[in-house]
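Single-letter residue listing:
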Amino acid sequence: CHPLRYTTVMKEGLCTLLVAVCWILSCTNALTHTLSLAQLSFCADNTIPHFFCDLAALLKLSCSDISLNELLIFTVGLAVITLPLICILISYGHIGVTILKTPSTKGILKALSTCGSHLSVVSLYYGTIIGLYFVPSSSASSDKDIIASVMYTVVTPLLNPFIYSLRNRDIKGALERLFNRAIVLSQ
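Residues numbered from 1 in each chain as written. Predicted model: local features only at pLDDT ≥ 70, side-chain atom pairs only at ≥ 80, totals over all residues. Heavy atoms only, no water.

If you look the chain up in an unreviewed UniProt entry, it shows as Olfactory receptor 1J4 from Sapajus apella.

Some thoughts on the overall build of the chain
A count of helical and extended segments in the chain gives seven helices and zero strands. Here the chain holds 187 residues, and the buried ones make up 21% of them. A fraction of 61% describes how many contacts in the chain between residues 6 or more apart in sequence connect residues 24 or more apart. (Helix = DSSP H or I, 4+ residues; strand = E, 2+ residues; numbered from the N terminus. Buried < 20%, exposed > 50% of the residue type's maximum accessible area, 1.4 Å probe, protein only. Contact = heavy atoms within 4.5 Å.)

Observations regarding the environment of Ser36
Here Ser36 lies in helix 2 (residues 12-38). When the C-alpha atoms of Ser36 and Asn69 are compared, they prove to be 6.5 Å apart, with 33 residues separating the residues in sequence. With sequence-adjacent residues up to four places away left out, Ser36 is seen in contact with Asn69 and Leu72.

Looking at the UniProt feature "transmembrane region" (unreviewed entry) in the chain
Those places that UniProt annotates as "transmembrane region" (unreviewed entry) correspond, in this numbering, to residues 71-95, 107-134 and 146-166. Span residues 71-95 is 100% helix and 0% strand, its end C-alpha atoms 35 Å apart. Spanning residues 107-134, this segment combines 96% helix with 0% strand, and its end C-alpha atoms are found 38 Å apart. (UniProt positions renumbered as here; feature names shortened; annotations may be inferred.)

Thoughts on the state of the cysteines
For the structure shown, the criterion picks out one disulfide. The partner cysteine of Cys43 in its disulfide is Cys63, sulfur to sulfur 2.4 Å. Of this pair, Cys43 sits in the loop between helix 2 and helix 3 (55-61) while Cys63 sits in the loop between helix 3 and helix 4 (67-100), and the two are 20 residues apart along the sequence. Cys63 gets classed as partly exposed once you look at its relative accessible area, which sits at 45%. (Disulfide = S-S within 2.5 Å.)

A look at the packing of helix 2 against helix 4
At a closest axis distance of 11 Å, the pairing of helix 2 and helix 4 adopts a crossing angle of 175°. Judged on the interaxial angle alone, helix 4 and helix 2 are roughly antiparallel. Listed contacts from helix 4 to Asn29, Thr32, His33, Ser36 and Leu37 of helix 2 are Asn69, Leu72, Ile73, Val76 and Val80. Here the residues of the contact of helix 2 with helix 4 sort into five nonpolar, five polar and no charged. (Axes fitted to C-alpha atoms, helices over the stretch in contact; angles between N-to-C directions. Parallel < 35°, antiparallel > 145°, perpendicular 65-115°, else oblique. Nonpolar A, V, L, I, M, F, W, Y, C, P; charged D, E, K, R; others polar.)

Re the packing of helix 4 against helix 5 (residues 105-133)
Put simply, helix 4 and helix 5 touch, their axes get as near as 11 Å, and they point 170° apart. Classified by the interaxial angle, the pair formed by helix 4 and helix 5 is roughly antiparallel. For the pair helix 4 and helix 5, contact is made by Ile73, Ile81, Pro84, Leu85, Ile88, Tyr92, Ile95 and Ile99 and by Ile108, Ala111, Leu112, Cys115, His118, Leu119, Val122, Tyr126, Ile129, Ile130 and Tyr133, respectively. Counted by class, the contact of helix 4 with helix 5 contains 18 nonpolar, one polar and no charged residues.

Quick word on the confidence of the model for the chain
Here the chain averages 81 in pLDDT, and 88% of its residues register 70 or above. By mean pLDDT, the top-scoring element of the chain is helix 2 (92), and the lowest-scoring one is helix 7 (residues 169-186) (77). (pLDDT = per-residue confidence, 0-100.)

Details of the nonpolar core
Counting residues in each nonpolar core, the largest one holds nine residues, listed as Ile81, Leu85, Val122, Tyr126, Ile129, Leu132, Phe134, Ala148 and Tyr152. When contributions to this core are tallied by element, the ones reaching two or more residues are helix 4, helix 5 and helix 6 (142-165). Grouped together as the second largest cluster of nonpolar side chains are seven residues, Leu37, Leu40, Leu59 and Ile73 included. (Core = buried A, V, L, I, M, F, W, Y, C linked by side-chain atoms within 4.5 Å.)

Some remarks on the side chain of Thr156
Tracing the sequence through the fold places Thr156 in helix 6. By relative accessible area, which is 5% here, Thr156 ends up buried. Those residues in contact with Thr156 that sit more than four places away from it in its chain are Val121, Leu124, Tyr125 and Met151.

Examining the packing of aromatic side chains
In this structure the tally under the stated criterion is two aromatic pairs. Ring geometry for Tyr125 versus Tyr152: centroids 6.2 Å apart, planes at 75°, classification edge-to-face. Here Tyr152 lies in helix 6 and Tyr125 lies in helix 5, a separation of 27 residues in the sequence. Taking relative accessible area as the criterion, Tyr125 reaches 30% and is therefore assigned partly exposed. Accessibility expressed as a relative area gives 12% for Tyr152, which makes it buried. Within the aromatic cluster, the residues linked to one another by ring pairs are Tyr125, Tyr126 and Tyr152. (Phe/Tyr/Trp six-rings, centres within 6.5 Å; stacked < 30°, edge-to-face > 60°.)

See below:
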């Protein structure tokens, strides 16, 4: 809402603090799930039907009671997933109020275009994570779990460079020239 104040607010100390808090919370979250997973017994088939060692896929292989692990996923997930999502939505709410105060229609459209692409990636990322970890899944939905995992681990990070670079006029110009060359060569 106040882009001219960014350099005075985001000092090196605040950036360091934000990075440290993210690392500490992430490591604590991973350690919590790893220690609770170490308490489980695994029998019979130890092949993970997934493309990476996901927590939900590991829990499906356990022959122990996983109700405590599921409760841990839900409670820790509420803090780790929904708290950042709420902060993002509040931030975009403030941006939306500021956009609506803009007298220029062209400025409103440009801001909504930028915010819209960011919000689409945020909703794709958080939507798949919430669907994967907060909605109980049956054992038959392994393929759906894999697709959801691909969405938030592969697709979303791949979209970010496009969203940020397509705002750059040089990148847009280079893409237009590339497409025009492809059209000319195909004729």
